[in-house]
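# Close look at the chain arrangement
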Amino acid sequence: MKKSIINYQPSFINYQPSTMYIIMPVKIKHLLLGILFLGVQINGLSQTAKKNLTIGVSFAKEIQSSVSKDGRLLLFFTQNPNVEPREMTWPYPWSPCYIFAKNFSDINLNKALVLNDFSDWTQSTEWSLDNIPEGEYYVQCVWYQNTDVANVNAPGNYFGEKQKVSVSDQLAINMTINQVIPERTIVENELARMVDFKSDTLSKWWGRPVSLKASVLLPSGYDANKEYAIRYNVAGYGGRYDRINRLLSDAAFMDWWNLPESPQVINVYLDGEGPFGDSYHMDSENSGPHGYALVYELILHIEKTYRGTNTAKNRFIDGCSTGGWVSLGLQLYYPDFFDGVFSYSPDAVDFENYQLIDIYKDQNAFINETGYLRPVMRDVSGEPWISMKDFVKYENVLGRSNTYLDSGGQFSAHAALYSPKGANGLPIPLFDPLTGKIDSEVAEYWKKYDFKIYLEENWETLGPKIAGKIYIWMGDMDHFYLNPATRSLDETFDNMVNPESDAMVSFSAMEGHCSMFSDRIVLEKIQEKLDEE
């Protein structure tokens, strides 16, 4: 039988930067600031006849030597003066950013691009730049040239400063791309370390050097001659290894962490950045053997360097949102390698409940069986905020293929992980990027990462290996409708026999996405397990 659960007091803990499945401080700020400008956006947008709009984009001389002649130009328009437009890459309900994109090749860097025909541009909004509604906008451009990772704001891409423009019948906008997005860094601290490890496995698979990155937070009393328990944290979607900076800059956390009685556990912050978005640290036909590279290369390298042992005992893994799914998946698919998982608000763990979609029975991802647009996000009272169709529209504009399949967004990563590889080198989509029609053959292929199916088919051998190792938390008003899948998985655990499951699955009423996750809570749970030994 399952053990009883004691819920922690709720607090809206906000976790990783740039992640779809978590409302972080920056996104809360954007949402609140957006509310202030909602009236401006509604009342200030009066669509008129076709504009004589001309946009000039030039590249500053000082950067031209490192700029590629091939890339994707993205134009960002927002009416919110308090945000950086290029960072608004998903449809914030109260602070929309209108994105337009087009691929260019062999451009002349010494000559400005003159843009006045927008008929073949991909866009995130219903109106095009030919008939942009009148009003005041803050605009910014990005030159997306880094093809190693699918991220508009990845290091190595270039952008220009945001500027204010007023749209009328005739308008000329001139922008200069003059800044490079720098490499990420971590805050200097005696307990912090940076890991940049070349993976032979992934390098061979891709035919080019591929590195795996992570950051390490050592315990307060760290002694290189001792053996330690170790915790691997998987980020929420889009979270990178530099998220350690949030903890290093958190005085309350660091005051606690530096106490002698704080858990003497090594923390590792993994980074899954890849060519289709987050790799999910699992093997796939599209992104390559990331699971193998993590388990048999990166982790062994980190533990040889810092841990003093490489035994599975006291090797834990955790995460929230995408990190919740990945951490649970790694525990299930590598059951002997990890000694326990703490999974919070995981992505859909059962594809009969892929958010609000049953991928095995439903016909369309955008529209439900009654003809209504499916929501993809809500508040904790149940009020829908964003539709699946609008969300995917944003991903389509970010992708170099003009589809979500290489956007670097959440659904790009899902396609890369779950789907077979297509003849064009992209994942075969589960659903059409424009119509939402579901491909039932691809849905069958996704079953290999449907945790409910995986448990049912492998329980006889898997059950004993994960005994005492599973902890899952979910809010029953998850912002992204992830609770039905976790409910289904909980029922599956309950129905298991030979052996019976002792998985601890906890639900909290009226709690949202990742609202009860924090590094300290997980570390204290790990300490409780260590104290039981």
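Treat the numbers as computed from the prediction; the structure is a model and nothing was measured.

On to the overall build of the protein, then. Per the secondary structure count, the protein includes 12 helices and 24 strands. For 533 residues, the compact-globule estimate of 2.2 N^0.38 gives 24 Å, and the protein sits close to it at 24 Å. Burial status across the protein gives 59% buried among its 533 residues. Contacts in the protein between residues far apart in sequence, at least 24 positions, make up 74% of those at least 6 positions apart. For the protein, the exposed surface amounts to about 21,400 Å²; the carbon and sulfur share of it is 49%. The averaged location of the 68 negative side-chain charges in the protein is 4 Å from the averaged location of its 46 positive side-chain charges.

A few words now on unusual backbone geometry. A cis amide bond, omega 5°, links N498 with the succeeding residue P499. Checked against the element boundaries, P499 lands in the loop between α11 (483–495) and β24 (504–508). Notably, Y481 is not glycine yet its phi reads approximately 60°, a positive angle. Turning to its location among the elements, Y481 is positioned in the loop between β23 (470–475) and α11. Judged by relative accessible area, which is 8%, Y481 ranks as buried.

Right, let's talk about the packing of helix α7 (residues 388–398) against helix α8 (residues 410–418) for a bit. Close contact between α7 and α8 brings their axes to 9 Å; oriented N to C, the two are set at 80°. With respect to each other, α7 and α8 are oriented roughly perpendicular. Along the contact surface, α7 presents M388, F391, V392 and E395, while α8 presents Q410, F411 and S412. Residue composition of the contact of α7 with α8, by class: four nonpolar, two polar and one charged.

This part takes up the state of the cysteines. A complete count under the given rule lists one disulfide for this structure. Disulfide partner of C320: C514, at an S-S distance of 1.8 Å. Between C320 and C514, the S-S dihedral sits near -120°, and the bridge is therefore left-handed. Of the two residues, C320 sits in strand β19 (residues 315–320) while C514 sits in the loop between β24 and α12 (519–532), which places them 194 residues apart along the sequence. Of the residues examined, C320 reaches a relative accessible area of 0% and is grouped as buried.

The next point concerns the nonpolar core. Within soluble globular proteins, side chains that are nonpolar tend to cluster in buried spots. Ranked by size, the top nonpolar core spans 127 residues in total, and within it W325, L332, F431 and F493 carry the most contacts. Per element, the largest residue contribution to this core is seven residues, and it comes from helix α5 (residues 290–307). Discounting chain neighbours no more than four positions away, the residues touching F431 are A365, F366, M388, V392, Y404, F411, G436, K437 and I438. Counting residues in each nonpolar core, the second largest holds 33 residues, with I55, F59, L75 and L115 among its members.

Turning to the side chain of S95, a few remarks are in order. Examined against the element boundaries, S95 turns out to sit in the loop between β2 (71–78) and β3 (97–104). Side-chain polar atoms of S95 contact the side chain of N80, separated by 2.9 Å.

Time to look at a nonpolar patch on the surface. A cluster of nonpolar residues, Y292, Y296 and L300, forms a patch on the protein surface that exposes about 280 Å² of accessible area. Among the structural elements, L300 can be located in helix α5. The class of L300 is partly exposed, set by a relative accessible area of 30%.

Okay, α12 next. Along its 14 residues, α12 runs 20 Å from first to last C-alpha, staying within 8% of the 20 Å computed at 1.5 Å per residue. Listing the buried residues of α12 in full gives D519, I521, V522, L523, K525, I526 and L530.

Okay, the sheet that holds strand β11 (residues 192–198) next. Strand order in the open sheet formed by eight strands is β11-β12-β14-β13-β19-β20-β23-β24, with mixed pairing between adjacent strands. Either end of the sheet is taken by a strand with one partner, and the two such strands are β11 and β24. Within this sheet the neighbouring strands show an average axis-to-axis angle of 20°, counted without direction. When strand β13 (residues 229–234) meets β19, the two strands line up parallel, connected through five bridges. Paired with R231 across the strands is F316, a residue of β19.

Our next topic: the pattern of salt bridges. Within this structure, the stated rule accounts for 19 salt bridges. Here D278 ties to R240 by a salt bridge, and the two come within 3.0 Å at their closest N and O atoms. Of the two residues, D278 is situated in strand β16 (residues 277–278) and R240 in the loop between β13 and α3 (244–248); the sequence distance between them amounts to 38 residues. Through salt bridges with shared partners, a single ionic network connects R231, R246, D318 and D519.

The next point concerns the confidence of the model for the protein. Confidence in the prediction for the protein averages 91 pLDDT; 90% of positions are at 70 or higher. For residues 1–44, every residue scores under 50 in pLDDT, and the model assigns this stretch 136 contacts once sequence neighbours within four places are set aside.

Criteria and thresholds
Residues numbered from 1 in each chain as written. Predicted model: local features only at pLDDT ≥ 70, side-chain atom pairs only at ≥ 80, totals over all residues. Heavy atoms only, no water. Helix = DSSP H or I, 4+ residues; strand = E, 2+ residues; numbered from the N terminus. Rg over C-alpha atoms; globule rule 2.2 N^0.38 Å. Buried < 20%, exposed > 50% of the residue type's maximum accessible area, 1.4 Å probe, protein only. Contact = heavy atoms within 4.5 Å. Areas by Shrake-Rupley, 256 points an atom, 1.4 Å probe, with all protein chains shown as cover. Lys, Arg positive; Asp, Glu negative; His and termini not counted. Charge placed at Lys NZ, Arg CZ, Asp CG, Glu CD. Axes fitted to C-alpha atoms, helices over the stretch in contact; angles between N-to-C directions. Parallel < 35°, antiparallel > 145°, perpendicular 65-115°, else oblique. Nonpolar A, V, L, I, M, F, W, Y, C, P; charged D, E, K, R; others polar. Disulfide = S-S within 2.5 Å. Core = buried A, V, L, I, M, F, W, Y, C linked by side-chain atoms within 4.5 Å. Polar contact = N/O pair within 3.5 Å; in protein donor to acceptor, adjacent residues only side chain to side chain. Patch = residues over 30% accessible without salt bridge, like charges linked within 9 Å, V, L, I, M, F, W, Y side chains within 5 Å. Salt bridge = Lys/Arg side-chain N within 4 Å of Asp/Glu carboxyl O. Expected span 1.5 Å × (residues − 1). Pairing = 2+ DSSP bridges. pLDDT = per-residue confidence, 0-100.

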